[in-house]
Each structure stands twice: as structure tokens, then as C-alpha cells.
Amino acid sequence: MNFFRHRPFGLLAPALLLAVAGCSTADDSATSAVPTPDAKTAKACRDLHRALPGKLDGRSRHDPEPRSAYTAGWGSPAIILRCGVVRPPKMVDPKVAQGGDPDAVAGRVNGVDWLMEKRGDGTWRFTTANRVAYAQVSLPGGMSAQDEGASVLTDLADAVKKAIPKGIASMR
């Protein structure tokens, strides 16, 4: 007996349910690539992960997938922190140091040095400087560096100072 001949729509309902579940927006968790730091950097990043605040700029912590001691997130759309990233090229660009790059500037917030970069899509990314590990914070679209960015960096300053000692990060 041909199952499909007598029940042409018998498999349609389960297939439709799977398709709808796959398109659901109920799970709005962020995703982020997980860095692969060396052993020295990994320890500082794990320490940072434990020291991070539960709220950032009024947003609750919801770590991105896949879960890792090297990533953290707050809110939706998420502010994402990644620790153990490679040094951004603009970190050593003389134009940035001389103030000649309109999309990147060095700055200090509450005792933590940062490279602040405006990305091509208009979003902002901040990377710690003068620490033994690079921690990078990405703001979602619509958040400004001057307003929310300053608040985010202020909220992170104590955790960074506590967990990531001053020094020179690995050159990788």
C-alpha cells in the first residue's frame, strides 16, 4: 500500500510545524565567534568573565551562543564582549595615534585605555589597550559611542581593572 497515495497531507502538518519552529523569533539569543586565546590570556579572560557585571547600561546579562568563558552579552540586540581577541590593526596605526583617523581614536574611561573604532556599518567597537589581554566590546546598531558607549565602558571599567592586569598583550 502506498502511504503517500492515501495520505497526501499526512506529513504536511509535522513538516509545517518544523518550518515554523525554525523561523521562530522566540529565541532571540545572540551569537558570537569565540576567541582562542593563549594560556596566559585565557586566565585573564576567565577572571574577567567572573568579574563582569550582571547589568550593563541597564541591560541584563544574556551571554551569546555558544557559551564560553571568553564571551558575554547584555540585552537584545546584544552588547557583546569578547576576550582574547587578536590585536586590531588600528591599535598600532600611526594615524590613530596622531589623531588622523576619523573612524578610530584612543581614549581612557575610568582608568582603562580603549581603542574606539567606528565600523563600516556605523556600529562601534571598543578594544582594551595596555592590558595583558585584548577585550573587545561591540555595540549593536543604533547605540552611539558618546552616550551609551561611554556608559558601557564606565560599567566595565572595574571588572577590566580587577581581572586584566596592565601590560602588553601577546602579539598574535
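Owing to the predicted nature of the structure, the values given are computational and were not obtained by experimental measurement. (Residues numbered from 1 in each chain as written. Predicted model: local features only at pLDDT ≥ 70, side-chain atom pairs only at ≥ 80, totals over all residues. Heavy atoms only, no water.)

Caption draft 1: Spatial organisation of the layout of surface pockets. Roughly 180 Å³ of internal volume is contained in the largest pocket. Within the residue set of the lining of the largest pocket, elements represented by two or more residues are helix H4 (94-97), strand S5 (104-109) and strand S6 (112-118). Its residues assigned to classes, the lining of the largest pocket shows nine nonpolar, two polar and three charged. (1 Å grid on protein atoms, 1.4 Å probe; cavity = no way out; pocket = protein on both sides within 12 Å on 5 of 7 lines; lining within 4 Å. Points joined across faces, edges and corners; volume = space filled by probe spheres on them. Helix = DSSP H or I, 4+ residues; strand = E, 2+ residues; numbered from the N terminus. Nonpolar A, V, L, I, M, F, W, Y, C, P; charged D, E, K, R; others polar.)

Caption draft 2: Broad picture of helix H3 (residues 39-51). Taking 1.5 Å per residue, 13 residues should reach 18 Å; H3 reaches 19 Å between its end C-alpha atoms and fits that length. Inspection of H3 places Thr41, Ala42, Ala44, Cys45 and Leu48 among the buried residues, and these make up the whole buried set. Projected onto a plane normal to the axis of H3, the buried residues spread over an arc of 165 degrees and lie on a single side. In H3, the exposed positions angled more than 90 degrees off the buried face are occupied by Ala39, Lys40 and Arg50. Where H3 is buried, its residues meet strand S4 (79-83), strand S8 (135-138) and helix H5 (145-163). Its side-chain oxygen 3.3 Å from the backbone nitrogen of lysine 40, aspartate 38 forms the N-cap of H3. (Expected span 1.5 Å × (residues − 1). Buried < 20%, exposed > 50% of the residue type's maximum accessible area, 1.4 Å probe, protein only. Arc of directions from axis to C-beta. Contact = heavy atoms within 4.5 Å. Polar contact = N/O pair within 3.5 Å; in protein donor to acceptor, adjacent residues only side chain to side chain.)

Caption draft 3: Region of interest: the packing of aromatic side chains. For the structure shown, the criterion picks out one aromatic pair. With a centroid separation of 6.5 Å and an interplanar angle of 10 degrees, the aromatic rings of tryptophan 124 and phenylalanine 126 are classed as stacked. The exposure class of tryptophan 124 is buried, given its relative accessible area of 15%. When its relative accessible area of 0% is taken as the criterion, phenylalanine 126 is described as buried. (Phe/Tyr/Trp six-rings, centres within 6.5 Å; stacked < 30°, edge-to-face > 60°.)

Caption draft 4: Spotlight on the pairing of strand S3 (residues 71-74). Because side chains alternate across S3, one face comprises the buried residues Thr71 and Gly73, and the other comprises Ala72 and Trp74, equally buried. Pairing analysis gives four bridges linking S3 to S4, with the strands arranged antiparallel. Counterpart to threonine 71 in the pairing with S4 is arginine 82. In textbook terms, the turn of a hairpin is the stretch between consecutive antiparallel strands, and for S3 and S4 this stretch comprises four residues, one of which, glycine 75, has a positive phi near 75 degrees. (Pairing = 2+ DSSP bridges.)

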